[in-house]
Amino acid sequence: MSQENVEIVRSWWEGFNEDGMPPLALCDEEIEICNPPDFPVRGLFQGHDGVHRWRDQVFDIFNDVRVEPEDIVDVPGEGETVLMLLRATGTASYTGIKVDYEWAAIWTIRDGKL
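Residues numbered from 1 in each chain as written. Predicted model: local features only at pLDDT ≥ 70, side-chain atom pairs only at ≥ 80, totals over all residues. Heavy atoms only, no water.

Chemist: Whenever I open this one, the pattern of salt bridges confuses me. Can you help?
Modeler: Pairing of side chains with opposite charge becomes possible as their charged atoms draw close. Summed over the entire model, instances satisfying the criterion amount to 8 salt bridges. The partner of arginine 87 in a salt bridge is aspartate 100, and the shortest N-O contact between them spans 2.5 Å. With a gap of 13 residues between them, arginine 87 in strand S4 (residues 81-92) and aspartate 100 in strand S5 (residues 98-108) connect regions that are remote in the sequence. Classification of arginine 87 as partly exposed rests on a relative accessible area of 25%. Between arginine 87 and glutamate 102 there is a salt bridge; the shortest N-O distance is 2.7 Å. Linking arginine 87 in strand S4 with glutamate 102 in strand S5, this pair joins segments that are 15 residues apart in sequence. Among the ionic contacts, a cluster of salt bridges with common partners joins Glu70, Arg87, Asp100 and Glu102. (Salt bridge = Lys/Arg side-chain N within 4 Å of Asp/Glu carboxyl O. Helix = DSSP H or I, 4+ residues; strand = E, 2+ residues; numbered from the N terminus. Buried < 20%, exposed > 50% of the residue type's maximum accessible area, 1.4 Å probe, protein only.)

Have a look at this one:
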């Protein structure tokens, strides 16, 4: 199960990079995304509509944005938790400033969905 969870998270970001939107088929209808308190876009994003709003609010200011998982680890003993380190790169739409941002994310996977 742990490798399956890692692949679900990897596929989510692959879909994002291919289509500009994470695949909702991998998201539970009650998915919740919460950015860290020091992140410029705050709030809790819930459900499939929340995934759309999160994507729009966080990434619409970029051209050519890509998010690459640098490390994905199934948390031992948890069975449902995946920790990942990511890098986002792109160019800010209005300023042309290059962005290279690293962060970590914690995912919970249940019944094959985030």
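Chemist: Any chance you could explain the nonpolar core here in plain terms?
Modeler: If you look at the biggest cluster of nonpolar residues, it comprises 29 residues, and the most contacted ones within it are Trp12, Trp13 and Trp107. Within the residue set of this core, elements represented by two or more residues are helix H1 (2-19), helix H2 (47-59), strand S3 (62-74), S4 and S5. Ranked by residues supplied to this core, first place goes to H1 with 6 residues. Tryptophan 13 has contacts with Trp54, Phe59, Val67, Pro69, Met84, Leu86, Trp103 and Trp107, leaving out every residue within four places of it along the chain. (Core = buried A, V, L, I, M, F, W, Y, C linked by side-chain atoms within 4.5 Å. Contact = heavy atoms within 4.5 Å.)

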